[in-house]
Amino acid sequence: MPLEVGIVGLPSSGKTTLFETLTRAPASTNVGMAPIADERLDRVAETVGAKKVTPAAVRVVDVQGTGPQLLGNLREVDALLVVLDGFSGTRIPADDLETLRLELLVADRDHVERRLERVGKQAKSGDQALRRETAELERLLAHLEAGRSLEEWEGDLPPELAPLTTKPLLVLENGPGGIDLELEGELAELGDEEAAAFREGPSALNEVVRRLFQALDLISFLTASDKEARAWTLSRGKTAIDAAATVHTDIARGFIRCEVIRWDDLVEAGSHAEAARHGLQRLEGKTYVVQDGDVLNVRFNV
Ligand SMILES: Nc1nc2c(ncn2[C@@H]2O[C@H](COP(=O)(O)OP(=O)(O)OP(=O)(O)O)[C@@H](O)[C@H]2O)c(=O)[nH]1
Ligand SMILES: [Mg+2]
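Asks: Residue-level account of the nonpolar core, with values.
Replies: Counting residues in each nonpolar core, the largest one holds 41 residues, and the members touching the most others are L18, V44, L81 and L212. Among the elements that line this core, the one with the most residues is helix α8 (residues 204-216), at six residues. Both domain 1 (3-214) and domain 2 (237-300) contribute no fewer than three residues apiece to this core. Among residues more than four places away in sequence, those in contact with L81 are V5, G6, I7, V8, L18, L22, L170, L172 and V208.

Asks: Just give me the short version of the domain arrangement of the protein chain, but keep the residues and values in it.
Replies: You can read the domains of the protein chain as domain 1 (3-214) and domain 2 (237-300). Here domain 1 and domain 2 have C-alpha centroids that lie 32 Å from each other. Between domain 1 and domain 2, the residue contacts involve five residues of the former and nine residues of the latter. Buried surface at the junction of domain 1 and domain 2, summed over both partners, amounts to about 640 Å²; 70% is from carbon and sulfur atoms. Three residues, R40, V44 and T47, lead the burial of domain 1 against domain 2; their summed loss comes to 73% of the area buried on that side. A salt bridge links D292 to R40, with the shortest nitrogen-to-oxygen separation between them at 3.2 Å.

Asks: Any chance you could break down the pairing of strand β6 (residues 169-174) for me, citing the residues and the numbers?
Replies: Of the two faces of β6, only one is covered, namely that formed by L170, L172 and N174; the face formed by L169, V171 and E173 stays uncovered. Across six bridges, the pairing between strand β5 (residues 79-85) and β6 is parallel. Note on β6: the bridge partner recorded for L84 is E173.

Reading the values: the criteria
Residues numbered from 1 in each chain as written. Chains lettered and ligands numbered in written order. Predicted model: local features only at pLDDT ≥ 70, side-chain atom pairs only at ≥ 80, totals over all residues. Heavy atoms only, no water. Core = buried A, V, L, I, M, F, W, Y, C linked by side-chain atoms within 4.5 Å. Buried < 20%, exposed > 50% of the residue type's maximum accessible area, 1.4 Å probe, protein only. Helix = DSSP H or I, 4+ residues; strand = E, 2+ residues; numbered from the N terminus. Domains from an automatic or database assignment. Contact = heavy atoms within 4.5 Å. Buried area = accessible area lost by both parts, 1.4 Å probe. Salt bridge = Lys/Arg side-chain N within 4 Å of Asp/Glu carboxyl O. Pairing = 2+ DSSP bridges.

This is the structure we're talking about:
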């Protein structure tokens with residue numbers, strides 16, 4: 001499953017503009033993939049002479065408007081990207097953020113209430129687990145109605161719940177004071193080099209991705225052959241077997257060993273073979289904790 005983020009914001013704050021800039025997909029769709037620019041991948045691809053270069057990508061969901069029903073479409077995403085209107089001069093971004101937080105809270109309260117209705121009905125059969133969940137949901141609802149957040153809830157939440165307010169929240173102000181989406185949209189239409197010439201620092205969108213990686217505690221690892229060089233995302237602390245499963249479940253199933261080279265060692269050595277000759281390539285097992293920038297080659301049999 002790719003990493004997934006949902007865009008939320010008040011009407012006309014620039015959600016769809018952000019979606020289009022991130023995914024370069026037409027606004028007629030509301031789900032798209034945003035490639036993650038990674039200079040390391042390009043360097044590695046060049047080194048191994050890869051015919052194809054595939055960046056890691058994040059799935060982005062654009063939702064029109066707000067309200068519990070619509071926000072409900074975002075229950076499965078890994079993080080929320082909040083867009084605030086800082087360009088029209090008619091809004092106060094900080095106030096809009098408060099309004100949005102409140103909407104998320106209301107949507108979660110609604111979510112708990114509906115789950116309670118359903119489970120409460122089913123619990124009438126006398127099923128112990130359902131009765132316990134009903135009691136738990138009743139306490140939770142009372143907690144929310146007292147104006148407290150889910151984060152302040154002590155103990156675990158019922159696992160069937162998929163709340164919004166506990167997700168990592170990234171806030172983007174759209175306008176000259178933050179990320180200028182209008183400008184980014186125009187730059188997206190230029191080539192990467194031309195666009196870079198216009199900017200002073202790194203692309204604002206790369207900055208969004210960087211913050212997302214930080215919020216979700218993710219790393220990137222690479223795979224590289226003359227056929228394809230590709231970047232993948234993984235949660236920090238995950239192992240070689242998890243990385244293998246990210247690439248393909250068959251590779252994880254048949255996992256034997258894994259060759260690991262740091263991306264910059266590979267670039268410096270000039271090829272896998274040279275890197276190996278210089279002792280820069282290690283053989284690791286399933287439990288090896290993958291590091292950001294590792295180039296992995298899993299040996300497997302099926
Ligand atoms: N000047 C300027 N206009 C922008 C910017 N971002 C968005 N807009 C304009 O604001 C309007 C609304 O942008 P959208 O991206 O459609 O906003 P939205 O949040 O998707 O709107 P809804 O889906 O209808 O809630 C469009 O006309 C955009 O061209 C910006 O950074 N600067
Ligand atoms: Mg829109």
